[in-house]
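Secondary and tertiary structure notes
The chain contents come next:
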Amino acid sequence: MSLRQFEYALAVAEEGSVTAAAELLRVAQPSVSQQIRGLERELGVELFARTPTGLVPTVVGRAFLREAEVAVSAARRARATARGGADDLVGELVVAVQMGFGTRQLPGALAALRRRFPRLEVTVFEEPSSAELERLCRRGVLNLALMAACERSPADAHHLGDEEFVVVLGTGHRLLAADRVELRELAGEPWVRFDRDSALDGVLLNVLRGNALAPTTAARVSQTATAARWAAHGLGVTLVPASAVPHGYEHLVRPVFPVVSQPVIAVVRPGAGPAETALLEFLRQETWSDSAFFSPVS
């Protein structure tokens, strides 16, 4: 087996077809087909099943691809270390962010990282589930994970700051007249909530129960920006990290009392290199408590 075969198999799984995988990899289609067939012969198993919608990994294929992803990620890091020194780093940095946290801070930190290492390619994806982020960290797929602290947070996690949560109200809502909204005043309000296994919905549910509020659900969404927009249109109120409020909705946001905040941590891979170390430092330099930005100007 070769690393190239691993990369081809991952591309086929991602794209769902050999043709699309070849385009992604910028190689000839027969080359991809030949590598996949050779890999299956060597393993003695079928990695992909043909369906009306394309190629889908088999049960064995999914297990194989999980390990192939780890191997490819490790190889990319090794190439980056071999090709570039600290002042001329090349390669890929894979960052996962727990949905809703660090929305305003991460772009500034990444911009500073790119100025430091202009040849470095950064891949960022959002993941709502704490459990899934922890699993990816354990597998070594990620260079850095940005997430809310929880009971299972690694002992070597780096505390960056605290995200204060704010309530998003509908246009013309009676509570917009206040500088800060008391949570008990939200009794009876319908809520725009998040996916059940997300950290954001866990925070929201704990806040509601802790303040003896019934969690009446108007809708569930996957993205903080969607929650804010739906709340703005009067579907219900929502609670999001201050940094996750989309531009143009600041006038509909108020801090809450009692204050709701969540520690934000960064988890870096063991043996972190100069890229992870630099990004961690840039994240530390960002401002994390900024709900005052949304307070009405008197």
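The structure contained in this document is the topic of the report that follows. This is a predicted model, so every value here is computed, not measured.

1. A few points about the overall build of the protein
Looking only at helices and strands, one finds nine helices and 12 strands in the protein. Scored against the burial criterion, the 298 residues of the protein give a buried share of 49%. Restricting to contacts in the protein with at least 6 residues of sequence separation, those with at least 24 account for 76%. Put simply, the protein shows about 14600 Å² of open surface, and 52% of that area lies on carbon and sulfur atoms.

2. Overview of the layout of surface pockets
Unoccupied space between atoms shows up once a probe the size of one water molecule is rolled over them. The computed volume of the largest pocket comes to approximately 750 Å³. Contributing elements (two or more residues each) for the lining of the largest pocket: α1 (3-15), α2 (18-25), α4 (59-83), β3 (91-98) and β4 (120-127). Of the residues in the lining of the largest pocket, the class split is 10 nonpolar, two polar and eight charged.

3. Structural notes on helix α8 (residues 224-232)
Looking at α8, one finds that the buried residues are Thr224, Ala227, Ala228, Ala231 and Ala232. Projected down its long axis, α8 shows its buried positions confined to an angular sector of 130°, all on one face. Residues of α8 that are buried make contact with β6 (158-168), β8 (191-194), α7 (199-210), β9 (217-221) and β10 (238-241). Phi turns positive one or two residues past the end of α8, at Gly234, with a value near 90°.

4. Some details on the packing of aromatic side chains
Going through the model one piece at a time under the given rule, you end up with two aromatic pairs. With centroids separated by 5.4 Å and ring planes inclined at 80°, the aromatic side chains of Phe6 and Phe64 adopt a geometry described as edge-to-face. A residue pair is termed long-range when its members are at least 10 positions apart, and Phe6 in helix α1 and Phe64 in helix α4 qualify at 58 residues. The burial state of Phe6 is the same as that of Phe64; both residues are buried. Pairing Phe101 with Phe165 gives two aromatic rings, centres 6.1 Å apart and planes at 70°, and the pair type is edge-to-face. With a gap of 64 residues between them, Phe101 in the loop between β3 and α5 (105-116) and Phe165 in strand β6 connect regions that are remote in the sequence.

5. Comments concerning α1
With 13 residues, α1 should reach 18 Å at 1.5 Å per residue; the first-to-last C-alpha distance of 18 Å fits that figure. For α1, the full list of buried residues reads Gln5, Phe6, Tyr8, Ala9, Ala11 and Val12.

6. Details of the nonpolar core
If you look at the biggest cluster of nonpolar residues, it comprises 61 residues, and the most contacted ones within it are Leu113, Leu239, Leu279 and Leu283. Here Leu113 is in contact with Leu93, Leu120, Val122, Ala275, Ala278, Leu279 and Phe282, once residues within four sequence places are set aside.

7. Focus on the pairing of strand β12 (residues 261-268)
Burial within β12 is extensive, with six of its eight residues counted as buried. As paired elements, strand β5 (residues 144-148) and β12 share five bridges and run antiparallel to each other. Residue pairing for β12: Ala148 is matched across the bridge by Val264. For β6 and β12, the ladder comprises six bridges, and the chain directions are antiparallel. The residue of β12 that forms the bridge with Asp162 is Pro263.

8. Quick notes on the packing of α1 against helix α3 (residues 29-43)
Here α1 crosses α3 at 110°, and the two axes come no closer than 9 Å. Judged by the angle between their axes, α1 and α3 are roughly perpendicular. Between α1, through Arg4, Gln5, Tyr8, Ala9 and Val12, and α3, the contact on the second element is made entirely by Ser31, Val32, Gln35, Ile36, Gly38, Leu39 and Glu42. Split into classes, the residues belonging to the contact of α1 with α3 amount to six nonpolar, four polar and two charged.

9. A word on the packing of α5 against helix α9 (residues 274-285)
Across the interface, α5 lies against α9 with an axial gap of 9 Å and an inter-helix angle of 135°. Put simply, α5 runs oblique to α9. Here the hand of the crossing between α5 and α9 comes out right-handed. In this structure, α5 uses Leu106, Ala109, Leu110, Ala112, Leu113 and Arg116 to contact α9, whose residues at the interface are Ala275, Ala278, Leu279, Phe282 and Leu283. Taken together, the residues that form the contact of α5 with α9 break down as 10 nonpolar, no polar and one charged.

10. With respect to the pattern of salt bridges
One pass over the structure, following the stated rule, counts six salt bridges. In this structure, Arg180 and Glu164 form a salt bridge, with 3.5 Å as the shortest nitrogen-oxygen distance. Placement of the pair is Arg180 in the loop between β6 and β7 (181-182) and Glu164 in strand β6, with a sequence separation of 16 residues. By relative accessible area, which is 13% here, Glu164 ends up buried. Arg269 is paired through a salt bridge with Glu276; the nearest N and O atoms lie 2.5 Å apart. By relative accessible area, Glu276 is classed as buried at 3%.

Conventions adopted
- Residues numbered from 1 in each chain as written.
- Predicted model: local features only at pLDDT ≥ 70, side-chain atom pairs only at ≥ 80, totals over all residues.
- Heavy atoms only, no water.
- Helix = DSSP H or I, 4+ residues; strand = E, 2+ residues; numbered from the N terminus.
- Buried < 20%, exposed > 50% of the residue type's maximum accessible area, 1.4 Å probe, protein only.
- Contact = heavy atoms within 4.5 Å.
- Areas by Shrake-Rupley, 256 points an atom, 1.4 Å probe, with all protein chains shown as cover.
- 1 Å grid on protein atoms, 1.4 Å probe; cavity = no way out; pocket = protein on both sides within 12 Å on 5 of 7 lines; lining within 4 Å.
- Points joined across faces, edges and corners; volume = space filled by probe spheres on them.
- Nonpolar A, V, L, I, M, F, W, Y, C, P; charged D, E, K, R; others polar.
- Arc of directions from axis to C-beta.
- Phe/Tyr/Trp six-rings, centres within 6.5 Å; stacked < 30°, edge-to-face > 60°.
- Expected span 1.5 Å × (residues − 1).
- Core = buried A, V, L, I, M, F, W, Y, C linked by side-chain atoms within 4.5 Å.
- Pairing = 2+ DSSP bridges.
- Axes fitted to C-alpha atoms, helices over the stretch in contact; angles between N-to-C directions.
- Parallel < 35°, antiparallel > 145°, perpendicular 65-115°, else oblique.
- Left-handed = near helix turned anticlockwise from the far one by under 90°.
- Salt bridge = Lys/Arg side-chain N within 4 Å of Asp/Glu carboxyl O.

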